[in-house]
Amino acid sequence: MAASKDTLNWEVSVGVTFASFMSAVSLFFTGILIAQFSSFDSTIKVPLLFLIISTFSFIFAASIYSNAGIEISAGELNLVQKYLEYANNILEFLGLYLFIFATPLVIGAVTHDKFLRFATIAVSSVGIFLYSRSNFSILHKEIKSRLTKQWLTLAIVGLGLGVELSQFVTQDFRFLDYGYLAAVLLALLIGMTWHFCRTSNQYDDSTGVV
């Protein structure tokens, strides 16, 4: 079933609001970390990079949502759907996911309290796992195969968990351990975003997504 003009208007409105709010939140925390950069552990570089990318992703997603609203007025509904697909993928994989993965890494860089660090890692990992497997995630809309979605979810969570746990044993920023895993995770999320933007199924009639 094709998405109606009212439905698209609602999606654009929600998208702009959420992306704008999250960009403000991400920028706020990024600014605080940059202002006190020299006082943190060297491992702060990875979560800070994640937050910077996340902030720009939220901003670009909000901009794309806004441009989609303009196309609705012009009656270009097919173009609006393509804009929404791009914005949704950027918002989720390079915005939301990186923001969530950055949170326990920031905690790990600013405190040595093991309970707080492990608790934050557990909450973020379980949260990402459950969300990615749920019907609410973009993965559910983009991937029809349940098995493929399951393996991709495990890859994302596994890499994120690997980065977070490797932070415990990394005294200095070394590319071949903590930094390497972070680079692989980032490459995976960027690759997923690029792939799904090119071959999106979010508004495919066969998916039932409107």
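What counts, and where the lines are drawn
- Residues numbered from 1 in each chain as written.
- Predicted model: local features only at pLDDT ≥ 70, side-chain atom pairs only at ≥ 80, totals over all residues.
- Heavy atoms only, no water.
- Helix = DSSP H or I, 4+ residues; strand = E, 2+ residues; numbered from the N terminus.
- Rg over C-alpha atoms; globule rule 2.2 N^0.38 Å.
- Buried < 20%, exposed > 50% of the residue type's maximum accessible area, 1.4 Å probe, protein only.
- Phe/Tyr/Trp six-rings, centres within 6.5 Å; stacked < 30°, edge-to-face > 60°.
- Expected span 1.5 Å × (residues − 1).
- 1 Å grid on protein atoms, 1.4 Å probe; cavity = no way out; pocket = protein on both sides within 12 Å on 5 of 7 lines; lining within 4 Å.
- Points joined across faces, edges and corners; volume = space filled by probe spheres on them.
- Nonpolar A, V, L, I, M, F, W, Y, C, P; charged D, E, K, R; others polar.
- Patch = residues over 30% accessible without salt bridge, like charges linked within 9 Å, V, L, I, M, F, W, Y side chains within 5 Å.
- Areas by Shrake-Rupley, 256 points an atom, 1.4 Å probe, with all protein chains shown as cover.
- Salt bridge = Lys/Arg side-chain N within 4 Å of Asp/Glu carboxyl O.
- Core = buried A, V, L, I, M, F, W, Y, C linked by side-chain atoms within 4.5 Å.
- Contact = heavy atoms within 4.5 Å.
- pLDDT = per-residue confidence, 0-100.
- Lys, Arg positive; Asp, Glu negative; His and termini not counted.
- Axes fitted to C-alpha atoms, helices over the stretch in contact; angles between N-to-C directions.
- Parallel < 35°, antiparallel > 145°, perpendicular 65-115°, else oblique.
- Left-handed = near helix turned anticlockwise from the far one by under 90°.

Undergrad: Break down the overall build of the protein chain for me, citing the residues and quoting the values.
TA: Regarding its fold elements, the protein chain presents seven helices and zero strands. Here the C-alpha radius of gyration of the protein chain, 18 Å, is about what a compact globule of 210 residues would show, namely 17 Å. Along the three orthogonal principal directions, the C-alpha set of the protein chain runs to about 55 × 40 × 25 Å. Put simply, the protein chain has 210 residues, and 45% of those count as buried.

Undergrad: Let's hear about the environment of Ile34: which residues, and what values?
TA: Relative to the assigned elements, Ile34 resides in helix H1 (residues 5-35). On the basis of relative accessibility, which here comes to 47%, the residue Ile34 falls in the partly exposed class.

Undergrad: Lay out the packing of aromatic side chains in plain terms, naming residues and giving numbers.
TA: The geometry of an aromatic ring pair is captured by the separation of the ring centres together with the interplanar angle, meaning the angle of the planes. Under the definition given, this model contains four aromatic pairs. By way of ring pairs, the aromatic residues Phe93, Tyr97 and Phe196 are connected into one cluster.

Undergrad: Outline helix H6 (residues 146-166), supporting the account with residue identities and numerical values.
TA: When the terminal C-alpha atoms of H6 are compared, their 30 Å separation across 21 residues agrees well with the 30 Å that a helix rising 1.5 Å per residue should span. Among all positions of H6, only Lys149, Leu152, Thr153, Ile156, Val157, Leu159, Gly160, Val163, Glu164 and Ser166 are buried.

Undergrad: Could you give an account of the layout of surface pockets, naming the residues involved and the relevant values?
TA: Its boundaries defined by the atoms lining it, the second largest pocket holds a volume of some 180 Å³. Of all the elements in the fold, those that place two or more residues in the lining of the second largest pocket are H1 and helix H3 (77-110). Broken down by element, the lining of the second largest pocket gets its largest block of residues, six residues, from H3. Counted by class, the lining of the second largest pocket contains 10 nonpolar, two polar and no charged residues.

Undergrad: Can you tell me about a nonpolar patch on the surface, naming the residues and giving the values?
TA: Taken together, Ile34, Ile52, Phe56, Ile59 and Phe60 make up a surface patch of nonpolar side chains, about 470 Å² in accessible area. For the nonpolar patch, the element with the most residues is helix H2 (residues 45-73), which contributes four residues.

Undergrad: Help me get a handle on the nonpolar core, residues and values and all.
TA: Among the nonpolar cores identified, the biggest contains 49 residues, and Phe50, Leu84, Tyr97, Leu139, Ile156 and Met192 are the most heavily contacted of them. Counting residues per element, the ones that place at least two in this core are H1, H2, H3, helix H5 (138-142), H6 and helix H7 (175-198). Broken down by element, the residue count for this core peaks at 15 residues, all from H3. Sequence-distant contacts of Tyr97, defined by excluding residues within four places in its chain, comprise Glu92, Ile128, Tyr131, Ser132, Leu139, Ile156 and Leu189.

Undergrad: Give me the lowdown on the confidence of the model for the protein chain, citing residues and values where you can.
TA: Counting all residues, the mean pLDDT for the protein chain is 87, and 92% of those residues have values of 70 or more. Of all secondary-structure elements in the protein chain, the lowest mean pLDDT belongs to H7, at 88, while helix H4 (residues 114-133) reaches the highest, 93. Segment residues 206-210 is flagged for pLDDT under 50; beyond a separation of four residues in sequence, or across chains, it makes 15 contacts in the model.

Undergrad: Outline H2, listing residues and values.
TA: Side chains that are three or four residues apart share a direction in an α-helix, a result of its 3.6 residues per turn. Over its 29 residues, H2 runs 43 Å from end to end, which matches the ideal 42 Å to within 8%, given 1.5 Å per residue. At the exit of H2 stands Gly75, carrying a positive phi of roughly 80 degrees.

Undergrad: Before we move on, could you go through the side chain of Glu92 and cite the residues and values that matter?
TA: You can see Glu92 is positioned in helix H3. No salt bridge forms around the buried Glu92; measuring N to O, its nearest opposite-charge neighbour Lys141 is 7.3 Å away. When residues no more than four places from it in sequence are discounted, the contact partners of Glu92 are Tyr97, Tyr131, Ser137, Ile138 and Leu139.

Undergrad: Lay out the packing of H2 against H3 with the relevant residues and their values.
TA: Axis separation between H2 and H3 bottoms out at 8 Å; the angle between their running directions is 160 degrees. Overall, the two elements H2 and H3 adopt an arrangement that is roughly antiparallel. Like other packed secondary-structure pairs, H2 and H3 cross with a definite hand, here left-handed. In terms of residue class, the contact of H2 with H3 is built from 27 nonpolar, five polar and one charged.

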